[in-house]
Amino acid sequence: MADCTDTILALPKGSKVLVAGAGGGWDIVAGLPVAIALRQAGHDVHLANYCVGMVDDAQGAERPLEQLYRIDETCQDPKDNRSFPEGSLSRWWQQAFNESRPVWCFARKGGRPVAEAYQYLAEHLQLDAVCLVDGGVDGLFIGDEHDCSTPSMDAISIVAANTLTSCKRFFTITAFGTEGAAYSVRHADVLYRISEQIYKGGMLGVSATLSSTHVGKQFLKAVETINEDFPNLWHSIIVSSIVSAMKGHFGERNLTPRTDWAPVWVSPLTLLCWYFDLKSVAEAKPNRDEVLQTETVAEVVEIFEETRKRLGKRARTDIPI
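Residues numbered from 1 in each chain as written. Predicted model: local features only at pLDDT ≥ 70, side-chain atom pairs only at ≥ 80, totals over all residues. Heavy atoms only, no water.

Visitor: Report on the overall build of the chain, specifying residues and quantitative values.
Guide: Each helix and strand counted, the chain has 12 helices and 11 strands in total. Compactness check: the chain gives a C-alpha radius of gyration of 18 Å against a globular reference of 20 Å for 321 residues, within 12% of the reference. Its C-alpha atoms give the chain principal-axis dimensions of about 50 × 45 × 40 Å. Here the chain, with 321 residues, has 59% of them falling under the buried criterion. Within the chain, contacts between residues separated by at least 24 positions form 77% of all contacts whose residues are at least 6 apart in sequence. Approximately 13,100 Å² of the chain is accessible, and the part contributed by carbon and sulfur atoms is 48%. With 31 positive and 41 negative side-chain charges, the chain shows a separation of 3 Å between the mean positions of the two kinds. (Helix = DSSP H or I, 4+ residues; strand = E, 2+ residues; numbered from the N terminus. Rg over C-alpha atoms; globule rule 2.2 N^0.38 Å. Buried < 20%, exposed > 50% of the residue type's maximum accessible area, 1.4 Å probe, protein only. Contact = heavy atoms within 4.5 Å. Areas by Shrake-Rupley, 256 points an atom, 1.4 Å probe, with all protein chains shown as cover. Lys, Arg positive; Asp, Glu negative; His and termini not counted. Charge placed at Lys NZ, Arg CZ, Asp CG, Glu CD.)

Visitor: Help me get a handle on the nonpolar core, residues and values and all.
Guide: Within the largest apolar cluster, 103 residues are counted, with the highest numbers of intra-cluster contacts made by Leu32, Tyr118, Leu132 and Phe171. Ranked by the residues each element gives to this core, the list is headed by helix α6 (residues 152-161), at seven residues. Residues within four places of Leu32 in sequence aside, it is in contact with Leu89, Trp92, Trp93, Phe219, Ala222 and Ile226. (Core = buried A, V, L, I, M, F, W, Y, C linked by side-chain atoms within 4.5 Å.)

Visitor: Please set out the side chain of Ser267 residue by residue, giving values where relevant.
Guide: Tracing the backbone through its elements, the reader meets Ser267 in the loop between β10 (264-266) and β11 (272-277). When its relative accessible area of 3% is taken as the criterion, Ser267 is described as buried.

Visitor: Describe the pattern of salt bridges, naming the residues involved and giving the relevant values.
Guide: Using the criterion set out here, one finds 15 salt bridges in the structure. The partner of Glu295 in a salt bridge is Arg112, with the nearest N and O atoms 2.5 Å apart. Placement of Glu295 in the loop between α11 (288-292) and α12 (297-311) and of Arg112 in helix α5 (residues 111-124) is noted, with a sequence separation of 183 residues between them. Between Arg316 and Asp318 there is a salt bridge whose closest N-O contact spans 3.3 Å. (Salt bridge = Lys/Arg side-chain N within 4 Å of Asp/Glu carboxyl O.)

Visitor: Describe the pairing of strand β2 (residues 44-50), with residues and values.
Guide: Extensive coverage of β2 is indicated by the burial of six of its seven residues. Note: strand β1 (residues 16-21) against β2, six bridges, orientation parallel. Bridged to Leu18 within β2 is His46. The sheet contact formed by β2 and strand β5 (residues 103-106) spans four bridges and is parallel. (Pairing = 2+ DSSP bridges.)

Visitor: For the packing of helix α4 (residues 86-97) against helix α8 (residues 214-227), give the residues involved together with the corresponding values.
Guide: Running from N to C, α4 and α8 point in directions that differ by 130°, and their axes come no closer than 10 Å. In terms of orientation, α4 lies oblique with respect to α8. With respect to the hand of their crossing, α4 and α8 are arranged in right-handed fashion. Two secondary-structure elements touch here, α4 through Ser88, Leu89, Trp92, Gln95 and Phe97 and α8 through Gln218, Lys221, Ala222, Thr225 and Ile226. Taken together, the residues of the contact of α4 with α8 sort by class into five nonpolar, four polar and one charged. (Axes fitted to C-alpha atoms, helices over the stretch in contact; angles between N-to-C directions. Parallel < 35°, antiparallel > 145°, perpendicular 65-115°, else oblique. Left-handed = near helix turned anticlockwise from the far one by under 90°. Nonpolar A, V, L, I, M, F, W, Y, C, P; charged D, E, K, R; others polar.)

Visitor: Can you lay out empty space enclosed by the protein for me, pointing to particular residues and giving the numbers?
Guide: Any empty space left between atoms is shown by rolling a water-sized probe over those atoms. Applying the stated criterion across every chain yields a total of two cavities of 30 Å³ or more. Lining the second largest cavity are Leu140, Arg193, Glu196, Gln197, Val281 and Ala284. If one sorts the elements of the lining of the second largest cavity by residue count, helix α7 (residues 187-200) sits on top with three residues. Of the residues contributing to the lining of the second largest cavity, the split by class is three nonpolar, one polar and two charged. (1 Å grid on protein atoms, 1.4 Å probe; cavity = no way out; pocket = protein on both sides within 12 Å on 5 of 7 lines; lining within 4 Å. Points joined across faces, edges and corners; volume = space filled by probe spheres on them.)

Visitor: Describe unusual backbone geometry, and please don't skip the residues or the numbers.
Guide: In this model, Asn98 sits at a positive phi of 55°, which is unusual for a non-glycine residue. By relative accessible area, Asn98 is classed as exposed at 66%. Although it is not a glycine, Ala175 adopts a positive phi angle of roughly 70°.

Visitor: If you had to explain α5 to someone new, which residues and values would you point to?
Guide: In this model, α5 (14 residues) spans 20 Å end to end at C-alpha, consistent with the 20 Å of a helix rising 1.5 Å per residue. Listed in full, the buried residues belonging to α5 are Gly111, Pro113, Val114, Ala115, Ala117, Tyr118, Leu121 and Ala122. Downstream of α5 by one or two residues, Gln126 has phi in the positive range, about 55°. (Expected span 1.5 Å × (residues − 1).)

Visitor: Explain the sheet that holds β1 residue by residue, including any values.
Guide: Sheet strands line up and pair through hydrogen bonds in the backbone, either parallel or antiparallel. The nine strands are arranged β3-β4-β5-β2-β1-β6-β7-β11-β8 in an open sheet whose pairing can be described as mixed. On the outer flanks of this sheet lie β3 (62-65) and β8 (203-208), each paired with one strand and no other. This sheet shows a mean twist of 25° between the axes of neighbouring strands, independent of strand direction.

Visitor: Run through the packing of aromatic side chains, naming residues and quoting values.
Guide: Evaluated as defined, the whole model comprises seven aromatic pairs. Through successive ring pairs, a cluster of aromatic residues spans Trp92, Trp93 and Phe97. A cation sits over an aromatic face here: Arg39 above Phe97, 4.0 Å from the ring centre. Lying across the ring of Tyr192, Arg314 places its NZ or CZ 4.2 Å from the centre. (Phe/Tyr/Trp six-rings, centres within 6.5 Å; stacked < 30°, edge-to-face > 60°. Lys NZ or Arg CZ within 6 Å of the ring centre and 35° of its normal.)

Visitor: Residues and numbers for the side chain of Arg186, please.
Guide: In this structure, Arg186 sits in the loop between β7 (168-174) and α7. Within the structure, the side chain of Arg186 is placed 2.3 Å from the side chain of Asp318, a separation counted as a polar contact. Other than its neighbours up to four places away in sequence, Arg186 contacts His146, Arg316, Thr317 and Asp318. (Polar contact = N/O pair within 3.5 Å; in protein donor to acceptor, adjacent residues only side chain to side chain.)

See below:
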């Protein structure tokens, strides 16, 4: 299904939707196909991202909460902005759609302060729905996978956004296949978690970001424009893999200087967006209540380490295709 995000999420036309990057860094850029498709369908789309960049150094940013920053096209980026695409994204959105659209940045905090920030945005923006996007697949993990990759920040976003009981809540993963190089993530584990969600009724559908569609063309232009603000070394591997898949590439690809030692495996699966009910994904995490009570990321890392000790590690499984 191409450009059918609106159909999958089944939102009334004109809904106010927050599309938020779940795991930090460039997740919100990876989630742009979702945001663009929702806007094209007539929804009032807002943007947010769990921020891992030096957001404190962004000049001109409003700060309604200690852990929440409003980054718009007028803000000056931090000097070290290699993991801070939010300003570039806001400027592109203004140029592309002739409307000012800030990116709300959650500071690198634990479950409780991030949940508080989500509650603020739900009230401030009068949200009807929130859609988290994970640029990668480890947001589905619960802790016993062969390699968990980096699920801590994803888990923070998932349990925090799930507190928005007055909103419809969704979760999306994209860039399937890209986390097996730098990490030893087994994508059979991902498919197992997806199968669990299908069994529980938590999977909603799949869409494809194709270069021949309006959404695909806008996404490619956005990535091209945003990348101009960064040297090649700091272009997102995840976003670059999606673009590579959209161009019809297949197999191991050297996408940026950081993949010289570990080429990324790209396939048609990489350009797909997989949609889930956020509540179902959150409830699958055995440590969700503990994560929600944390103040720092370090606490969440410790919780996942304890979860891993308790559950054990799944044996390595390969996909026999």
